[in-house]
Every structure is written in C-alpha cells, then in structure tokens.
Amino acid sequence: MNDNLHQLRCFGCGARVTRGEARPDFRCSECGDLFEVEYPGWSQPKGNDRPNAGALKWLWRERRCSSEALDHSGVWRFREMLPILDSFGNAVTLSEGNTPLYHLTRASKALGIDQLYAKHQGMNPTGSFKDTGMTAAMSVAKERGFEWVACASTGNTSAAMAAYAARAGLRSLVVIPDGKIAWGKLSQAMDYGAVTCTVKTDFDGCLKLLIQVVKEAHIYLLNSVNPYRLEGQKTPAFEIAEAFDWNVPDHLIVPGGNLANSSALGKGFRELHQLGLVARMPRISVIQAEGANPLVRSFAKDHGATLEPVEAHTRATAIRIGNPASWRKAARVIQETGGWCLDVNEAEIAIAKAELGAEGLGCEPASAVTLAGLKKLRAQGAVEPGETVVLLLTGHTLKDADYTIDFHRGTLLKNEETAGREAELAGLQRNAQAVDATTHAVLAAMKDKVG
Ligand code: F0G
C-alpha cells in the first residue's frame, strides 16, 4: 500500500510541488517562503482519503494497548494524520511523545486558574519536544536514501537529530554557535556520534552557513524549515485534545524561538478542527524573551505583517534567535486563534522556572517563559479564572543545569535585573549548604529552610 498522500504547498504564494521537487533549503523557488505539508484528500468531504473522525478516535485509543513498536510512539500512533511516508515501516522511532500532562497545583492557586496544566515535552527520549519532529523528518530522510543529515541549532534540535540519525544508521552534521548552547545539549550531540562544528556566530549565522553547505553537498536539512519536522511536532495537539476528551483547552501557551513549534501546534489543532475531531481551536499565544522578541515587535508594529530581525540576547539560550524562519506561520496561528504575542524579562523567566521546579516539574529556561507569560496575560485580563490553560514545557530541566545552579547560588541575574524582586527571589533560592558532619549541623540546616 502507498501510505503517501501529501504534497507541499508554499505558505507565501500557494505554489504546490511534489516532495521530490523541493529544493535542499526547503524554500519556494517562486517567492522564497517556506512550505507546508498538505493532504489534498482531506478537503473533499466525502472522499475516500478523508479520515473518519469517530473511527480515528477509537483506533488511536486501541493502539495504546498494542504491542507494535509504531503504536508505542505518541507521534506514529496518530499516523493517519501524517501520511508522509511511502511505508510506515520506514519510521525511525525512539518511542517519542506520550508525554505527561500535569496539573499545576501551586501555580493554579497563585493565579486563580483551577484548570492550569503543563504538557511536558521535556519528557521525550532526548529531553525536548524536538523528538516528535525529528522522528517524522528523519524517517523521510531514511526513506529517501540520504546518508547525511544536518542542522543548525541552539542545542535541542542537534541533540534530537544526532540520536535519531544514530538509530537510522545515518551520519549527522551539527552546526552550533560557539559558547552559546547549554553543555547538556552539546554533550548529547557528541554522545550520539554527530560531527559537531562550533562556529563563532549566532544561531541565525549558523543556519545561514548550513543552508550554503546543503546547496553544495547531498545532505538532508533537518532544521524546522523542513516541513516534515512540523508534521511530527503537531502531534502534541492531538495528545492534548485526546487528554481533554476532545474538548480543547481555552488557551495554549508556547515559547517562541524560530517559531516552528507554535506553527506546528496550530496546524495540528487546525487539522483536527477541519476533520471534525474537535469543535474549535484553542487560543494559541507565543511568548518570547525580551532580548529575543522580533515577533513581539512585529505584532506591536503592524500586527504580524512584517518582521525585522533583532540581535538576540537572553540566558534562555534555546530561544536566542533574532531572525525566526517560521514567523509568518506563527503569526497566522496567533491571528486565527485570537492568541497573544508578548515578551518576558530575564528575572521573570528565572522566577517562573524556579516556581515550576518547586512544583516538582522543572524545565529548561526557554520553557519557563510560558508561565511568566501567563502571569502577564492573567494580569491583563486576557485569561479568565474559569478557563482551561495548557503551558507547553519544551525542554527537560537537566538540559541546562548551569542556569539552575547559578539561579540558586544567586549569581545568575545582575542587580539591575533583580531590583524590587529580592524577597521573591530569596523565597525561591535553595542553594546547597556546606555543613559539618554532625546531626546537629544537618538538623540546623533543615530548620533554616522551614517556612
Ligand atoms: N524551547 C526549547 C527548549 C527549544 O529548544 C526551542 C528551540 C524553543 C523552545 C523554541 O521553539 O524554535 O520552534 O519556536 N530550539 C531550537 C534548537 C531552535 O535548535 O534546538 P521554536
């Protein structure tokens, strides 16, 4: 059976190409914009290729009890929604997805929102949401016979790519900004056997360089300009909808860097809606770091019509991106769902991250922008107490242990960043203490921290 039912449609000019016609940089040769995967059969209401909503819900639930490797993947369990392979037998999987949805007990009390949840994509095999996209695009690379795959990265994409390439038996090339990615992520690329190049530039410079490289050599580009990545990254939308028994939450709040993930989740909910699996889409809001906020600026200037790149600075290194490739797609998602786009500063990120840690969850700094952003949305009245809210946590707390340790030691933020927030910070900081080897000293240390 040919499972492959898709084509690629340019997001800018609407031009359609087959998968074999796409350029190595996945840019449209007519207008230079990015492609989206499109399933023509879905738009014909009675067509044979249009999936049946009721049957799908039943099938996906059944697969949870299946012993098939493909059904253990939270991406391929929903494979009718991503028919991108000639054969699903070519799927490269590490049992990604199926990530937990946690109720945030403390934050929900503090913000007066009963139904506040975190979908923790950091609980994926390589510790970030990138795994869901990588299983999809790596499977395409393997099926199409590539020997080499490559990405530029702020760290998580490279970790995921290296792991999935190793599973697929492909070679991988990683291009990362020198000194600007967290050690945990760099160590993963090395461990999974990638050829890792550190370059004295930022993420945007790395991506530009890599685009030149893939035009000269037969290498499959696995950055999120590759539309198949987004097909995998849309699947948490299905998991979220399923978890709420197909009643979608009112709000989904997502961090914004290169802006592919917000685009992908929007596509996921849009397709569920289009196929009649859900009655509406959630409002999708994108939160950026103040020092890496080109989309926020774009919305302030002309509501997402144009974007001017910025020089990006933030300690949340995963989202230190000034020229996001997928900004047009993300802008559309915010506009069509009635979401917001706002930014949060370094102290707000650090505090939100510590609060999530204190709930027993933890995440990497880039993920914590979601809670920091929710506080602002709540203060503006954009989120009501009775609404259901899901924060998308994108990376595992162990990805960037240096950040966490610096926070608890009080060395992360500068005085001008902490001004007026000293008490709030002190209440969250839990530095390790050196104590004498006596019961008295240990018990005294416990007393110090009570309350
Ligand atoms: N959160 C984390 C932990 C990330 O690693 C990234 C992106 C984002 C959020 C933002 O997602 O780019 O789709 O808007 N990291 C990329 C990387 C760029 O190379 O790992 P986005």
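From a predicted model like this one, the values you see are computed outputs, not experimental measurements.

The rules behind these values
Residues numbered from 1 in each chain as written. Predicted model: local features only at pLDDT ≥ 70, side-chain atom pairs only at ≥ 80, totals over all residues. Heavy atoms only, no water. Near = heavy atom within 4 Å. Polar contact = N/O pair within 3.5 Å; in protein donor to acceptor, adjacent residues only side chain to side chain. Areas by Shrake-Rupley, 256 points an atom, 1.4 Å probe, with all protein chains shown as cover. Helix = DSSP H or I, 4+ residues; strand = E, 2+ residues; numbered from the N terminus. Phe/Tyr/Trp six-rings, centres within 6.5 Å; stacked < 30°, edge-to-face > 60°. Core = buried A, V, L, I, M, F, W, Y, C linked by side-chain atoms within 4.5 Å. Buried < 20%, exposed > 50% of the residue type's maximum accessible area, 1.4 Å probe, protein only. Contact = heavy atoms within 4.5 Å. Axes fitted to C-alpha atoms, helices over the stretch in contact; angles between N-to-C directions. Parallel < 35°, antiparallel > 145°, perpendicular 65-115°, else oblique. Left-handed = near helix turned anticlockwise from the far one by under 90°. Nonpolar A, V, L, I, M, F, W, Y, C, P; charged D, E, K, R; others polar. Salt bridge = Lys/Arg side-chain N within 4 Å of Asp/Glu carboxyl O. Pairing = 2+ DSSP bridges. Arc of directions from axis to C-beta.

### Description of the site of the ligand
- Taken together, 19 residues are adjacent to the ligand, and Ser153, Thr154, Asn258, Leu259 and Thr394 come closest.
- Take glycine 257: an N or O atom from its main chain is 2.8 Å from an oxygen atom of the ligand.
- For the ligand, whose accessible area on its own is 470 Å², the fraction buried by protein is 99%.
- Broken down by secondary-structure element, the contributors of at least two residues to the shell around the ligand are α4 (156-168) and α9 (260-274).

### Quick notes on the packing of aromatic side chains
- Going through the model one piece at a time under the given rule, you end up with nine aromatic pairs.
- These aromatic residues form a ring-pair network of at least three members: Trp60, Phe78, Phe238 and Trp246.

### Comments concerning the nonpolar core
- Among the nonpolar cores identified, the biggest contains 87 residues, and Ile84, Met138 and Phe269 are the most heavily contacted of them.
- In terms of residues, this core owes the most to one element, α4, which gives seven residues.
- Excluding residues that lie within four positions of it along the chain, phenylalanine 269 makes contacts with Ala237, Ile240, Ala241, Val248, Leu252, Val278, Met281, Pro282 and Ile284.
- Ala350, Leu356, Leu361 and Tyr403 belong to the second largest nonpolar core, which has 41 residues in total.

### Quick word on the packing of α9 against helix α11 (residues 327-337)
- Direction vectors running N to C along α9 and α11 enclose 50 degrees, while the axes themselves pass 8 Å from each other. Taken together, the axis directions place α9 and α11 in an arrangement best described as oblique. The crossing of α9 and α11 is left-handed. Here Ser262, Ser263, Gly266 and Arg270 of α9 lie close against α11, whose contacting residues are Lys329, Ala330, Arg332, Val333 and Glu336.
- Split by residue class, the contact of α9 with α11 holds two nonpolar, three polar and four charged.

### Focus: the pattern of salt bridges
- In total, this model carries 29 salt bridges according to the counting rule given.
- Of the charged contacts, one joins arginine 77 and glutamate 242 as a salt bridge, the two residues approaching to 2.8 Å between their closest N and O atoms. Taken as a pair, arginine 77 in the loop between α1 (53-63) and β4 (101-103) and glutamate 242 in helix α8 (residues 235-243) lie far apart in primary sequence, 165 residues in all. Like glutamate 242, arginine 77 is buried.
- In this structure, lysine 119 engages glutamate 239 in a salt bridge whose closest nitrogen and oxygen atoms are separated by 2.4 Å. Here lysine 119, found in strand β5 (residues 116-120), pairs with glutamate 239, found in helix α8; they are 120 residues apart in sequence, far enough to count as distant. The exposure classification of lysine 119 matches that of glutamate 239, with both residues buried.

### A short note on the sheet that holds strand β2 (residues 16-17)
- Pairing is antiparallel in the open sheet, where three strands are placed in the order β2-β1-β3. Edge strands, defined here as strands with exactly one partner in the open sheet, are β2 and β3 (35-38).

### What about the pairing of strand β1 (residues 7-10)?
- Burial of β1 is one-sided: the residues Leu8 and Cys10 facing one way are buried, the residues Gln7 and Arg9 facing the other way are not.
- One ladder, built from four bridges, connects β1 with β3; its direction is antiparallel. Following the sheet pairing, arginine 9 is matched in β3 by glutamate 36.
- Hairpin geometry of β1 and β2 is characterised by an intervening segment of five residues between the two adjacent antiparallel strands and by a positive phi of about 80 degrees at glycine 14.

### Some details on the sheet that holds strand β8 (residues 195-199)
- Across the sheet, four strands lie side by side as β8-β7-β6-β9; this open sheet has parallel pairing. Among the strands making up the open sheet, the edge pair consists of β8 and β9 (220-221).
- Alignment of strand β6 (residues 148-152) against β9, held across two bridges, turns out to be parallel. By the bridge assignment, valine 149 is partnered in β9 with tyrosine 220.

### Section: unusual backbone geometry
- Not every positive phi belongs to a glycine, and serine 95 is a case in point at roughly 60 degrees.
- In this structure, histidine 303 takes a positive phi of about 50 degrees despite not being glycine.
- With respect to the helices and strands, the residue histidine 303 is situated in the loop between α10 (294-302) and α11.

### Considerations on α1
- Among all positions of α1, only Ala53, Leu56, Trp60 and Arg63 are buried. Taken end-on, α1 shows its buried residues confined to a sector of 90 degrees, consistent with a single buried face.
- With a side-chain oxygen lying 3.1 Å from the backbone nitrogen of glycine 54, the N-terminal cap of α1 falls on asparagine 52.

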